[in-house]
Structure formats: C-alpha cells, structure tokens
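# Coordinates in review
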Amino acid sequence: MNLPDGSFFMDKITVNTIEEAAKTLDGVVSNTPLQYNPRLSAEFNCDLYIKREDLQDVRSFKIRGAYNKINSLKQTERKRGIVAASTGNHAQGVAYSCFLLKIKGVIFMPTVISNQKIDKVKHFGGKYVEIKLIGKTFDEAVDAARKYCKAHNAVFIHPFDDPLTISGQGTVGKEIYDNLKGKVDVVISPIGGGGLISGVATYVKGKKKEVKVFGVEAKGAASMAESLKQDKIVSLGTFDTFVDGAAVNKVGHLPYQICSELVENVHIAEVGKVCTTMIDLYQNEGIITEPAGALSLSVLDELRAEIKGKTVVCILSGGNNDILRYPEIMEKSLVYKGLKHYFLVEFAQKPGQLKQFLNNALGPRDDIVLFEYIKRNSREKGPALIGVELSKKEDLATLLDNMDKLQILYTKITSDDPLYGFIL
C-alpha cells in the first residue's frame with residue numbers, strides 16, 4: 001500500500017507508544033469516567049459503558065493527541081511556533097496545550113464556526129493563541145494553515161494524521177482496557193479524520209486481539225467508509241457538516257491504514273438518529289453531547305446482534321455543543337422519527353376551506369406547527385405551507401387518507417426538495 005506523508009510511521013504507533021503517551025499526559029488530562037449505563041444495557045441485553053470524554057477540561061478527547069504531539073517538540077521547534085487547523089475540538093486541545101507549555105500558536109478555523117467555539121479557544125489559549133477564520137470547511141482551513149506554516153517556518157500540528165497525535169488519542173483505549181481489567185469485548189468509536197479510532201484499536205487489539213472495534217460516521221460525511229469501500233483514500237468533495245466534529249473531506253493516511261487492518265466495520269448513522277440520541281442522552285442521563293459525541297451510541301440498533309451478551313464501550317468523544325443548535329437538533333429528530341411533516345396545500349379560495357382541513361383532515365392529536373400562505377394572486381386557489389406534528393408516526397397514513405377523501409390537493413415536501421432545506 002502506497003501511503004504518502006509517513007507510511008513508515010506505522011511501526012511507531014504501538015501499545016508501547018500509547019503507554020508512553022499516557023505517562024506524558026499524566027496530570028494533564030483526566031482519566032475520564034467509564035460509566036455503566038443501565039438503560040442501554042437492558043435495551044440491548046449487554047453490559048454497556050460510556051467513555052465520557054466530554055468530561056475533559058476542554059470537553060473532548062482532542063487534548064490527548066494535541067498535548068502529546070506539542071510536548072514532543074524540541075526547543076528550537078517550539079520557538080518557531082505551532083500552527084493548527086480545526087472545526088473546534090482540536091483547536092481547544094491545541095490552545096490549552098499552548099497555554100500549558102507557553103508556546104505561541106496560530107489556529108485556523110472555518111468562518112462558519114460558532115462564536116461559542118471561538119470563545120472557548122480564546123479562553124483556553126489566552127495570550128498564546130491567535131485565531132484566523134478562513135474558508136467554509138475544515139479542509140479549506142487546513143490548506144490555509146499549511147501555507148502559513150511554510151511562509152513562517154512554523155510547526156504544523158495535525159489533528160489526526162500523525163503518530164504522536166494518534167498515540168495520544170490511543171490513551172482513551174488504554175483507560176478503557178485498564179478500567180475494565182481487560183474484560184472488554186466491543187468498542188464503538190466515532191470517526192472524523194480517524195485518529196481516535198486508530199489509537200484505540202491499536203491499543204485494545206494489541207492487548208487483546210479478540211476485541212471487536214466498530215467505527216461510526218455520519219451520513220453525508222462518511223469519508224472513512226467510502227475509502228474502505230473503494231480500497232483507497234478518497235475525497236468526498238461536498239459533504240454534510242452538521243456533525244461538525246467528525247466531518248472531514250478526506251481521512252488521514254495513517255488512520256486509513258490502521259482502520260483497514262484493525263476495524264471490523266464502519267457504520268453510517270442518519271443525522272436525525274444522531275439528534276435523537278443526543279436528546280435521549282439528555283433526557284435520560286442528563287448528558288449534554290455534541291453531534292459527533294453521540295455517533296457511537298447512534299448505531300446500537302444495527303449492532304444489536306454483535307453486542308448481545310457482551311461488555312461494550314461506546315466512546316462519547318465530546319460535549320462542545322452550542323445551545324443555539326438545539327432547535328435544529330429537535331427538528332431533525334422529529335423528522336427522523338416520522339413525527340413532523342411539511343406540505344404545500346392548495347386551498348380553494350372560498351370560505352370554510354381551512355376549517356374543513358382542521359376539523360376533517362387533521363387527527364385529534366395532530367398539531368399545526370407552521371402555517372404560511374405562499375401567495376394569493378389566484379382567485380381560485382391559494383397554496384399554503386403547512387407543518388404538522390403527529391403524536392405517532394403511524395398517524396401520517398390517516399392524515400394523507402383524509403386529505404385524499406376531502407379532495408385536498410397537496411404536495412408532501414421531502415428531504416431532497418430545496419424548499420425542505422429552507423424550512424429547516
């Protein structure tokens with residue numbers, strides 16, 4: 001396999017390098033809780049634990065790899081300064097590392113990043129970090145960061161395609177293995193660029209080869225799954241950035257090789273399912289997670305047969321979620337569960353049409369959550385945009401049947417309709 005940018009490093013990511021990273025990180029990162037979850041254990045007939053990386057000081061696992069890499073730099077390299085690119089979590093890990101090690105850093109982030117994430121990076125880095133907002137995606141920020149590195153002779157801190165970064169992330173696997181005293185059967189990890197799952201798989205399989213490791217990506221941003229499918233690293237081109245902590249155009253060369261050798265399978269989670277999982281975790285366990293953090297728990301239904309009777313660990317990778325995103329999260333969850341639907345309805349321009357729709361088309365527990373006339377320039381009909389929330393997804397069939405019986409002309413707006421994106 002031809003792997004540019006350091007395939008010779010493969011033999012430098014081992015159980016030993018991860019254990020050395022753990023020594024480096026001692027006192028810097030938290031040995032985060034491995035929490036037994038009674039609800040999910042009962043539902044899936046297994047012993048399920050959640051690895052709470054959202055409880056790190058920077059609220060994600062990224063501090064592990066960032067600090068391990070930056071701490072390894074020689075004094076001459078430190079004086080040159082470091083550069084990083086990130087959609088948020090790696091930026092916070094780098095910023096905090098710069099503060100702890102008193103090293104100047106420049107961090108490139110996409111312009112679409114929320115103010116909440118920018119403020120957190122400033123908070124952790126203080127006077128040691130400068131933020132530059134460039135591009136709309138992580139990959140565009142990376143390109144700008146590399147150009148800056150070259151122009152200023154700085155050191156680039158890659159978020160996932162570096163043996164020291166991967167070894168740092170692998171300490172998550174060491175903690176899992178140690179806390180369960182080796183009694184772990186399945187580990188489920190989110191995948192963005194692939195650094196976390198690569199380090200975790202290297203450690204747990206290095207200690208116990210029978211452990212099964214599964215990866216999870218979000219639908220619309222499944223760069224690792226697509227690369228493994230095509231047996232080569234591929235660029236997605238356009239991709240969905242909703243699960244921003246795990247949305248990359250192209251995975252790393254090292255993670256790709258490690259995943260192709262050590263990971264059983266990569267599953268793809270519907271974005272609506274991820275949102276539903278986030279809500280379930282909050283309502284049942286009081287856990288606030290970001291979309292990427294909920295990925296590993298979003299595919300348990302698909303893995304039901306694999307995890308039955310086993311000791312299972314789901315890595316909750318981070319909890320940096322902006323509260324302003326919750327209306328969209330709720331919306332996507334309701335749509336995914338089949339409880340919210342949108343229609344363009346052609347109402348005849350005569351009295352009683354809306355009343356007929358309310359009384360005879362809607363069910364007794366159906367609720368109108370959006371109603372807006374699009375136009376009224378026709379004397380015969382007037383389209384209205386209507387959003388309906390159901391109490392049960394099975395009620396949709398009754399609603400459609402009622403509209404057909406009443407000869408109400410309607411168009412159901414589907415997810416591939418441009419208008420659907422405008423509504424959301």
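Bear in mind that the values here come from a model prediction, so they are computed numbers and not experimental data.

## Notes on the overall build of the protein chain
Counting secondary structure elements, the protein chain contains 18 helices and 14 strands. Here the protein chain has a C-alpha radius of gyration of 24 Å; the compact-globule value for 424 residues is 22 Å, and the two agree. Along the longest, intermediate and shortest principal axes, the C-alpha atoms of the protein chain span 80 × 50 × 40 Å. Counting all 424 residues of the protein chain, 55% fall into the buried class. Here the contacts in the protein chain between residues at least 6 apart in sequence split such that 75% fall between residues at least 24 apart. Here the protein chain displays about 19,300 Å² of accessible surface, and carbon together with sulfur accounts for 48% of that area. Charged side chains in the protein chain number 55 positive and 51 negative. The centres of these two groups are separated by 4 Å.

## Some remarks on helix α3 (residues 62–71)
Within α3, nine of the ten residues are buried, which leaves it mostly tucked inside the rest of the structure. Among the residues of α3, those classed as buried are K62, I63, R64, G65, A66, Y67, N68, K69 and I70.

## Comments concerning unusual backbone geometry
For residues besides glycine, phi is generally negative; the peptide bonds are generally trans as well. Here K102, not a glycine, exhibits a phi torsion of approximately 60°, which is positive. Structurally, K102 is set in the loop between α5 (89–101) and β4 (105–109). For K102, a relative accessible area of 49% puts it in the partly exposed group. The backbone of K181 sits at a positive phi, close to 55°, despite the residue not being glycine. A residue is classified by how much of its surface remains accessible, and K181, at 70% relative accessible area, is exposed.

## Points about the environment of N45
As for its placement among the helices and strands, N45 is situated in the loop between α2 (38–44) and β2 (47–52). Of the residues examined, N45 reaches a relative accessible area of 45% and is grouped as partly exposed. Along the chain, N45 and G194 lie 149 residues apart, while their C-alpha atoms are 29 Å from each other. With near-sequence residues (within four places) excluded, N45 lies in contact with I307, K308 and G309.

## Side note on the confidence of the model for the protein chain
Averaged over the protein chain, the pLDDT score is 93; the fraction of residues at 70 or greater is 95%. In this model, residues 1–9 is a region of pLDDT below 50 whose contacts with residues beyond four sequence positions or in other chains number twelve contacts.

## Some details on the sheet that holds strand β9 (residues 265–269)
Strand order in the open sheet formed by six strands is β1-β2-β10-β7-β8-β9, with mixed pairing between adjacent strands. Edge strands, defined here as strands with exactly one partner in the open sheet, are β1 (34–36) and β9. Strand-to-strand twist in this sheet, taken as the mean axis angle between neighbours without regard to direction, amounts to 25°. Both strand β8 (residues 212–218) and β9 contribute to a ladder of five bridges, which runs parallel. Considered in β9, the bridge of V216 is made with H267. Helix α11 (residues 223–230) contacts β8 and β9 of the sheet and is inclined by roughly 135° relative to β9.

Conventions we followed
Residues numbered from 1 in each chain as written. Predicted model: local features only at pLDDT ≥ 70, side-chain atom pairs only at ≥ 80, totals over all residues. Heavy atoms only, no water. Helix = DSSP H or I, 4+ residues; strand = E, 2+ residues; numbered from the N terminus. Rg over C-alpha atoms; globule rule 2.2 N^0.38 Å. Buried < 20%, exposed > 50% of the residue type's maximum accessible area, 1.4 Å probe, protein only. Contact = heavy atoms within 4.5 Å. Areas by Shrake-Rupley, 256 points an atom, 1.4 Å probe, with all protein chains shown as cover. Lys, Arg positive; Asp, Glu negative; His and termini not counted. Charge placed at Lys NZ, Arg CZ, Asp CG, Glu CD. pLDDT = per-residue confidence, 0-100. Pairing = 2+ DSSP bridges. Axes fitted to C-alpha atoms, helices over the stretch in contact; angles between N-to-C directions.

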